[in-house]
Structures are given as C-alpha cells and as structure tokens.
There are 2 protein chains.
Amino acid sequence: MTANAAIFATQSCEICPIRYRAVCARCERDELAELESVKIYRRYAAGQTVSWAGDRMDMVASVVSGVASLTQQMEDGRTQMVGLLLPSDFLGRPGREVAAYTVTAASELLLCCFRRKPFEELLRSNPRIAGRLLEMTLDELDAARDWLLLLGRKSAREKIASLLTILARREAALNLRQPEGRIAVDLPLTREAMADYLGLTLETVSRQMSALKRDGVIELDGKRRVVIPLFGRLVSESGDDADGGPLS
Amino acid sequence: MTANAAIFATQSCEICPIRYRAVCARCERDELAELESVKIYRRYAAGQTVSWAGDRMDMVASVVSGVASLTQQMEDGRTQMVGLLLPSDFLGRPGREVAAYTVTAASELLLCCFRRKPFEELLRSNPRIAGRLLEMTLDELDAARDWLLLLGRKSAREKIASLLTILARREAALNLRQPEGRIAVDLPLTREAMADYLGLTLETVSRQMSALKRDGVIELDGKRRVVIPLFGRLVSESGDDADGGPLS
DNA sequence: CGCAATATTGACAAGCGTCAACTTCGGTGG
DNA sequence: CCACCGAAGTTGACGCTTGTCAATATTGCG
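The model shown is predicted, which means the values in this text are computed figures rather than measured ones.

A. Spatial organisation of helix 5 (residues 191–198) of chain A. Counting buried positions along helix 5 of chain A yields seven of eight residues, so the element is predominantly enclosed. Buried residues of helix 5 of chain A: R191, A193, M194, A195, D196, Y197 and L198 of chain A, and no others. Check the buried side of helix 5 of chain A and you find it contacts strand 6 (79–85), helix 3 (127–153), helix 4 (156–174), helix 6 (202–214) and strand 11 (219–220) of chain A together with helix 3 (127–153) of chain B. Just downstream of helix 5 of chain A, G199 of chain A is the residue with a positive phi angle, here 65°.

B. Highlighting the packing of aromatic side chains. Residue and element names in this part refer to chain A. Under the criterion given, the structure shown has six aromatic pairs over all chains. For the ring pair W147 and Y197, a centre distance of 4.3 Å and an interplane angle of 20° mean the geometry is stacked. Of the two residues, W147 sits in helix 3 while Y197 sits in helix 5, which places them 50 residues apart along the sequence. Here a set of aromatic residues connected by ring pairs shows up, and it is made of F90, F114 and F119.

C. Spatial organisation of the pairing of strand 6 (residues 79–85) of chain B. Counting buried positions along strand 6 of chain B yields seven of seven residues, so the element is predominantly enclosed. Following strand 5 (residues 68–73) of chain B, the chain reverses through five residues before pairing antiparallel with strand 6 of chain B; G77 of chain B in that reversal takes a positive phi of roughly 100°.

D. Broad picture of the UniProt feature "domain: Cyclic nucleotide-binding" (unreviewed entry) in chain A. Those residues carrying the UniProt feature "domain: Cyclic nucleotide-binding" (unreviewed entry) are residues 23–140 of chain A in this numbering. The distance separating the terminal C-alpha atoms of residues 23–140 of chain A is 13 Å; by composition the span is 27% helix and 35% strand.

E. Molecular detail of the layout of surface pockets. All names here are of chain A. Space inside the second largest pocket adds up to approximately 350 Å³. Forming the walls of the second largest pocket are 20 residues, and the residues nearest its centre are S69, T71, T104, A193 and D196. Class assignment of the residues belonging to the lining of the second largest pocket gives a composition of eight nonpolar, nine polar and three charged. When residues are assigned to domains, the lining of the second largest pocket turns out to be shared by domain 1 (6–146) and domain 2 (154–238), each giving three or more.

F. Layout of the protein's contact with DNA strand C. Neighbouring DNA strand C are 18 residues, the closest being T204 and R207 of chain A together with R191, S206 and S210 of chain B. For DNA strand C, the fraction of protein-proximal atoms (within 4 Å) that sit in sugar or phosphate groups is 64%. Taking T204 of chain A, its side chain carries an N or O atom lying 2.5 Å from a phosphate oxygen of DNA strand C. If you list the elements that add at least two residues to the surface near DNA strand C, you get helix 6 of chain A together with helix 6 (202–214) of chain B. In terms of residues, the surface near DNA strand C owes the most to one element, helix 6 of chain B, which gives five residues. Residue composition of the surface near DNA strand C, grouped by class: three nonpolar, seven polar and eight charged.

G. Spatial organisation of the relation of the copies chain B and chain A. Mapping chain B onto chain A leaves a residual RMSD of 0.0 Å; the transformation is a rotation of 180° accompanied by 0.0 Å of translation along its axis. These values place the two chain copies in the arrangement generated by a two-fold rotation axis. Comparing contact sets, 100% of the residues at the interface of chain B also lie at the interface in chain A, consistent with an isologous, same-surface contact.

H. Representation of the packing of helix 3 of chain A against helix 3 of chain B. Across the interface, helix 3 of chain A lies against helix 3 of chain B with an axial gap of 9 Å and an inter-helix angle of 20°. Compared by their axis directions, helix 3 of chain A and helix 3 of chain B come out roughly parallel. Considering how the two elements wind past one another, helix 3 of chain A and helix 3 of chain B form a crossing that is left-handed. Here L133, L134, T137, L138, E140, L141, A144, R145, W147, L148, L151 and G152 of chain A of helix 3 of chain A lie close against helix 3 of chain B, whose contacting residues are L133, L134, T137, L138, E140, L141, A144, R145, W147, L148, L151 and G152 of chain B. Residues that form the contact of helix 3 of chain A with helix 3 of chain B fall into these classes: 16 nonpolar, four polar and four charged.

I. Region of the structure containing the UniProt feature "domain: HTH crp-type" (unreviewed entry) in chain A. Following the UniProt record, the feature "domain: HTH crp-type" (unreviewed entry) maps to residues 154–231 of chain A here. Helix and strand shares over residues 154–231 of chain A are 53% and 13% respectively, and the end C-alpha atoms of the span are 19 Å apart.

J. Empty space enclosed by the protein, seen in detail. One pass over the structure, following the stated rule, counts four cavities of 30 Å³ or more. Taken as a whole, the largest cavity holds about 330 Å³ of empty space. Lining of the largest cavity is provided by 23 residues; of these, L70, L91, G92 and R93 of chain A together with R145 of chain B occupy positions nearest its centre. Secondary-structure elements contributing two or more residues to the lining of the largest cavity are strand 7 (90–91) and helix 3 of chain A together with helix 3 of chain B. In terms of residue class, the lining of the largest cavity is made up of 15 nonpolar, two polar and six charged.

K. Structural view of the nonpolar core. The biggest cluster of nonpolar side chains holds 104 residues, and the ones touching the most others in it are L111 of chain A together with L111 of chain B. Grouped together as the second largest cluster of nonpolar side chains are 48 residues, V23, C27 and L134 of chain A together with V64 of chain B included.

About the thresholds
Residues numbered from 1 in each chain as written. Chains lettered and ligands numbered in written order. Predicted model: local features only at pLDDT ≥ 70, side-chain atom pairs only at ≥ 80, totals over all residues. Heavy atoms only, no water. Buried < 20%, exposed > 50% of the residue type's maximum accessible area, 1.4 Å probe, protein only. Helix = DSSP H or I, 4+ residues; strand = E, 2+ residues; numbered from the N terminus. Contact = heavy atoms within 4.5 Å. Phe/Tyr/Trp six-rings, centres within 6.5 Å; stacked < 30°, edge-to-face > 60°. Pairing = 2+ DSSP bridges. UniProt positions renumbered as here; feature names shortened; annotations may be inferred. 1 Å grid on protein atoms, 1.4 Å probe; cavity = no way out; pocket = protein on both sides within 12 Å on 5 of 7 lines; lining within 4 Å. Points joined across faces, edges and corners; volume = space filled by probe spheres on them. Nonpolar A, V, L, I, M, F, W, Y, C, P; charged D, E, K, R; others polar. Domains from an automatic or database assignment. Near = heavy atom within 4 Å. Polar contact = N/O pair within 3.5 Å; in protein donor to acceptor, adjacent residues only side chain to side chain. Least-squares fit on C-alpha atoms with pLDDT ≥ 70 in both. Axes fitted to C-alpha atoms, helices over the stretch in contact; angles between N-to-C directions. Parallel < 35°, antiparallel > 145°, perpendicular 65-115°, else oblique. Left-handed = near helix turned anticlockwise from the far one by under 90°. Core = buried A, V, L, I, M, F, W, Y, C linked by side-chain atoms within 4.5 Å.

As structure tokens, then:
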C-alpha cells in the first residue's frame, strides 16, 4: 500500500462497524485485543490509488467504510474491474508478495490494515481467523461466478439492473433489512467505473440509465443517488430469478 | 452427487496422480491413511450430469482425472460456464447444503469423493487440509478474475486464443513443463461448451477456430486435438502479456 | 452403412462501440 | 452569492462485431 494515505489513531474493535462481518468476526475479546495492538487505520480520498498491480504488497486490510475497486488492464488500455470491495470485505492475498491488481478508492475509503507477515502467522495459529477467511473467500468466489454470468450472457440493460440490485442488496444488508418496495441507493461509482464493472462503454451505461429512467424503473436524484420505485421491477429487469437466494 | 456414477474400489493415496496438487497435498502418511478409509471413487461418462443446481449436496470431491464443468443458467436458457475443473481441482463447497451450480462431466471423469459433514470436521481439526483448501480457493478466485477480463473486454478471437492457452498451460503443468514451441493440446470441450465458457455462440467459436487455422495460428487434428505450431504466437493472439506469470 | 450428434459456413440483423458535439454538475474563488 | 471552469454525463450518427436463422458438411457410433 502506497503513501499519501492519512493514518488515523487506533479505535476500539468492540465498537467497529464491521465487527461481525469482517475477517475478525469470530474472534473473542482477547484475540481482538491482540489484533487491536497491531492494526493501523488508513484513509484514502476518492479517486486515490491504494496500490498498483506489480507493487510489493506488505499489507492486508479490511474495508471499514467506503468502496474500493480492483482492476485489471490490458496493454492497450482496455480495463476490467475484477473486484468491488465494500465495508467488511477483505483486501490482499496472504502468501503473495506482489499485488496482482490495481486497487483504487472509488469513494472516500477507510482501511483497517495489518502487516502481511504477522497476519499470515495469525492464519496459521488462529483457526477462527483462518476459517472466517476461507468462508469469505468462498463467498467472493460465488460472487465472481455470478459476475461471470453477467459479463458473458446479459444484455446492457440487464447488466445495469443487476448492478443496481447488487448495490441495493449490500446497502440493505448493512441495515439488516431486505430490499423491497420503494428504496434509495447510493451510487459510489462514476459512469466509467460502472462501465468497467459491467464490461461496457460509459456511453452505453449512460444510455441504459436513461432508458431505465424513461421506463420508470429508476429515478435519478443527482448523479449519484438512485431511487427505485419498485424493487421487484428492477430485479425482474436484471434477468435473475426473484429471490436473490438464501445465501449468506 | 446423483446416481448412475460407477463406484470403484479404493486405491492408494500414495500413488494418486494428484497426490501433490489436490486438497490433500500437504497431508502426512497417517493423515492420508485416515482419508483413504473414507474416500469413495466415482466415475462418470462424458456428458453425464454429476449434480444439478438446487440439489442437496452431501459430497465434496477432488477431480482425479477428466474434466468437469460448472454452469449457471438463466430462465430463458442462456447458459454460462462458471467453472472448469481439471485434475486436482476441488468440487463442492464446505458449509453449503444445496448446490449452487450444475456440474457436468465434460469428458470421462473420475472423482475422489468425501461425505461433506465428516470433511467439514476435518477442516476444523486439520490445519494442513484447511490451509491447502484456502490456498486453492484463492487460486480459483484469481483464475475467475482473469476470466472476468476475458468475458468483459476480449474479442472473440482473443477469447479463443486465451482458452487454448489456458488448456495448454494446464496440460503442460501436469507434465511439469513450460509450454513452448510446437505443442499439441487436447480439447476436452465441444464447440458448445467452449461457447459457454467464452460467452459466445457456438457459431462464433467455430468461425474463429477456422480463422485461427486459416492464419496458421493453430492446426486441427480431428475436432478434439489442436496443434499449436508456435506457442508464443498463440499467446500474443490472446491479448495477455507474454509470460503467464510466476503464479503457482 | 446409415443415422444422429456435432461442426461448418453463409446471409442478414441487432446490439453495442466509436467518435463527436453538447449539457449538466459541483466546487472554487472573486 | 454568483459566475466560471473543468470534470462528468448525455445524446446522436454511424459502423463493426457478434448473434440469429438456416442450409450443408463431417464425424463417430451402432
């Protein structure tokens, strides 16, 4: 992780907003105390790069608040987002020296960082942390597989509807609710970042957002806030079957 | 895992072809003996379904030989492959009751199966198995992220070249070699399965295979064997930068 | 040898990308 | 408080890549 990140004073794990969803979720009080002594908070401004593909990676981290994106680039500049990290998600790969992807703060971002080597030691010694990381990695793999379906088989309109559905579900999950009826969703991504997520151009994203608005599926409140008058309607536009699954 | 699979006699783990790559790779002799007493081999014919999305999943398994595919389907029938499991890959998700994807034998397939519940107990008690599974899951997540780039940003021609490159690398890895110069690769997939992997139609796959042949990038020896006169040429057609990485 | 499954090829159309002009937003400084 | 400016977003015209539908060829198996 590179410089320019503001470093903040350590705060108590007990009152941490991601206490029960992050990699430390299963830890007991005494284990938290151990983590607390070695963690470092880092804050990044929207748009700032957290680390470049190819950089040495000496840290792993949890996203405390904000949104980070992982992206991959081809030589000619074509860009694909390959990870969208929301609060409680884990960043970094134990056992890897060199970052495989570029990490960018999509919005203001707060990370809870650990030095990689000591964290790897914890993974070996603490089955609660190792088990939770395995579970989170399996969840991420499932999410990646849904993303494969989105990229490989969905139309531009379905892709947009799917992304809005995902964001609505994650936002609702933080409030321990199911999304339904009329809801508002924050869009922490620019049109270009949405395009990189969806394998589209930003022009196509813009056109399909306009089309969904014209058809009454969404309303725009500024550029970065979307109101969904009827959540079920959006889901049916996404091409997925209704429920959203009993997963997680 | 459903019926119709032939069940074979237990064979020694010591001489297993995937001994040093599978989930059991780090186990010691005595641990292998424990696994040996509970494993069951199952064999499936090409085209046979191993398990349907939504089925109860009471087993997990390692692919011993052959190829299995994981696929996801939309209500209207659009199909996307979301996993291609080759020898040593792990099948199933500890902690999940119900299969999320349909598993099909793409070629003749031999699985080394364990009942899920006892395997979950092993994960808790045996850090060698848990650690290896975490490592394999992280590798799969990386592979899925490369796949996202392929689906989101590559042309049909680049997609085909990428798939052939992946298969060549995996086949070479089994023989502990680096692919280079003139090599032959088995194609364990039909044109339709290739299309499902690549997010294309089978017609586009067929056309691009013909184009690569016309341009001298590949030669066809029957439908299911591809000769690559110059591996580097194929890689440059794939859109990836040369090396293929020091990964794994 | 014949049939069904698999693969190839062609003609055409649709969806999305490209290039370009224009508009809106949001923050800064006068 | 408002005017200005650059960044972000929208819209239009057009063309290319890939999908669709259909006919034909090839393969492998009984």
